[in-house]
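What follows is the residue order along each chain.
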Amino acid sequence: MNGILPLYKPVGMTSADAVYHARKILHIKKIGHSGTLDPSVDGVLPLAIGAATKAVPQLMASGKVYTGEITLGFATTTEDLDGDVVTRTPLANPFTQAELDQALRQWTGEITQIPPMFSAVKVNGKRLYEYARAGVTVDRPKRQVTVKQFKRTSEPVFDSEKGTQRFKFEAAVSKGTYIRTLAVDVGRTLGVAAVMSQLTRIKSGGFTLAQAVSLADLEQHAKIGTLSAVIQPIDIAFAALPQVDLTPEQYEDVTHGRFLTLKLQAPRIRLHYAGVLKAIYRLDHQQYRPDIMFLTNEKNE
């Protein structure tokens, strides 16, 4: 079994748990995911099955889209509602919609982020959350990310008793972007504490929330033998690349990792044989050379 499954991960489940349950349902060990979702976050979690695990970098490179909510007026250890409150800056008056929109615009484009302490980024061989749980703060590596879109999608709601203001947003970002940190950055721009109070991933690896399959639905498809209806072929991850259908002679060359000379100038191409993706080749000095091999890939029945 080879392919990509756009799974819906619910709130309260880790990404590792989602992979564990999928393995049990599909009776296959070789399954990976293309980007962790925190337990408090729901949404699209593309799973790479079998030979498709080699396509994970391609899936991650496509970027992600989220919807969520930012609450102004307090901050937590984890930058979301899972952590303990560490700072309160009660709002006496609400920010105007123009002020909120301007703050979001300042965090659009190429930006520098520092990963939160409660994250899976490794420093000196240990995850940041391991340091955080031990009460140790370490220097965190800065990273460049791209925020393609960051906009408010609801009327802001002001709570005068709690001194908070919240609003919904949508963000389209590159891989490695922490939405929790974006929420905190917006608060810093406005001069108040802030937290990400809700988050859903609505697009990842080119798959939308509407295409995502729940574990219950996946189990049902497995029972009635209709998995091919929900597990997408590997080459959907490379759909933007030109497709070349190989002759038997060319396929023989590919199976031995040989270079190909083709009448193309595309930087990368996908090679099919008998209707199935077998390799990704890249152009190098007028010849196409192996980039990613999928020789074990076969059609799912």
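Being a predicted model, the structure only gives us computed values, none of them experimental. (Residues numbered from 1 in each chain as written. Predicted model: local features only at pLDDT ≥ 70, side-chain atom pairs only at ≥ 80, totals over all residues. Heavy atoms only, no water.)

Visitor: Any chance you could break down the packing of aromatic side chains for me, citing the residues and the numbers?
Guide: Evaluated as defined, the whole model comprises 3 aromatic pairs. Summarising the aromatic geometry, the rings of Phe150 and Phe169 are spaced 5.7 Å apart at their centres and angled 90° between planes, so their arrangement reads as edge-to-face. Remark: Phe169 occurs in strand β12 (residues 164-173) and Phe150 occurs in strand β10 (residues 143-152); sequence separation between them is 19 residues. Neither residue differs from the other here; Phe150 and Phe169 are each classed as buried. The positively charged end of Arg88 is found above the aromatic ring belonging to Phe74, 5.9 Å away from the centroid. (Phe/Tyr/Trp six-rings, centres within 6.5 Å; stacked < 30°, edge-to-face > 60°. Helix = DSSP H or I, 4+ residues; strand = E, 2+ residues; numbered from the N terminus. Buried < 20%, exposed > 50% of the residue type's maximum accessible area, 1.4 Å probe, protein only. Lys NZ or Arg CZ within 6 Å of the ring centre and 35° of its normal.)

Visitor: An account of the side chain of His272 is needed here, citing residue identities and associated values.
Guide: Locating His272 in the fold gives a position in strand β16 (residues 268-273). A residue is classified by how much of its surface remains accessible, and His272, at 5% relative accessible area, is buried. For His272, the side chain forms a polar contact with the side chain of Asp235, separated by 3.1 Å. Not counting residues within four places of it along the chain, the set of residues in contact with His272 comprises Asp235, Gln243, Val244, Asp245, Leu246 and Leu277. (Polar contact = N/O pair within 3.5 Å; in protein donor to acceptor, adjacent residues only side chain to side chain. Contact = heavy atoms within 4.5 Å.)

Visitor: Lay out unusual backbone geometry with the relevant residues and their values.
Guide: You will see that Ala274, though not glycine, has its phi angle at about 55°, which is positive. Take Ala274: it is sitting in the loop between β16 and β17 (276-284). For Gln286, which is not glycine, the phi torsion reads 70° and is therefore positive. Turning to its location among the elements, Gln286 is positioned in the loop between β17 and β18 (287-293).

Visitor: Talk me through the environment of Lys54; I want residue IDs and the actual numbers.
Guide: Summarising the element assignment, Lys54 is placed in the loop between β3 (42-49) and α2 (56-61). Look at Lys54 and you get partly exposed, because its relative accessible area is 43%. Note: C-alpha distance between Lys54 and Phe294 (240 residues apart in sequence) is 8.1 Å. Setting aside residues up to four positions removed in sequence, Lys54 forms contacts with Ile292, Met293 and Phe294.

Visitor: So what's going on with the packing of helix α1 (residues 15-26) against helix α6 (residues 215-224)? Residues and values would help.
Guide: Viewed as axis vectors pointing N to C, α1 and α6 meet at an angle of 15°, and their least axial separation amounts to 10 Å. With respect to each other, α1 and α6 are oriented roughly parallel. At the point where α1 passes α6, the crossing takes the right-handed sense. Residue-level contacts link Ala18, His21, Ala22, Ile25 and Leu26 of α1 to Leu215, Leu218, Glu219 and Ala222 of α6. A per-class count over the contact of α1 with α6 returns 7 nonpolar, 1 polar and 1 charged. (Axes fitted to C-alpha atoms, helices over the stretch in contact; angles between N-to-C directions. Parallel < 35°, antiparallel > 145°, perpendicular 65-115°, else oblique. Left-handed = near helix turned anticlockwise from the far one by under 90°. Nonpolar A, V, L, I, M, F, W, Y, C, P; charged D, E, K, R; others polar.)

Visitor: I'd like a description of the nonpolar core, backed by residues and values.
Guide: Residues Leu5, Leu26, Leu72, Phe150, Ile179 and Leu218 are the most contacted members of the largest nonpolar core, which totals 47 residues. Composition of this core by domain shows at least three residues from each of domain 1 (1-60 + 204-233) and domain 2 (63-202). Leave out the neighbours within four places in its chain, and Leu5 touches Leu45, Pro46, Leu47, Ile49, Val213, Leu218, Val230 and Ile231. Listed in part, the 18 residues of the second largest apolar core include Ile4, Ala51, Leu59 and Ala237. (Core = buried A, V, L, I, M, F, W, Y, C linked by side-chain atoms within 4.5 Å. Domains from an automatic or database assignment.)

Visitor: Requested: an account of the UniProt feature "active site" (unreviewed entry) in the chain, with residues and values cited.
Guide: On the UniProt side, "active site" (unreviewed entry) is annotated at positions that read Asp38 here. Position of Asp38 relative to the elements: it lies in the loop between β2 (31-33) and β3. Dropping the residues within four chain positions of it, Asp38 is found in contact with Lys9, Met13 and Arg180. (UniProt positions renumbered as here; feature names shortened; annotations may be inferred.)

Visitor: A description of the pairing of β12 should follow, citing residues and the corresponding values.
Guide: Extensive coverage of β12 is indicated by the burial of 7 of its 10 residues. Summarising the sheet, strand β4 (residues 64-72) and β12 pair through 9 bridges and their orientation is antiparallel. Following the sheet pairing, Val65 is matched in β12 by Ala172. One ladder, built from 5 bridges, connects β10 with β12; its direction is antiparallel. Across the sheet, the residue bridging to Val147 is Val173, located in β12. (Pairing = 2+ DSSP bridges.)

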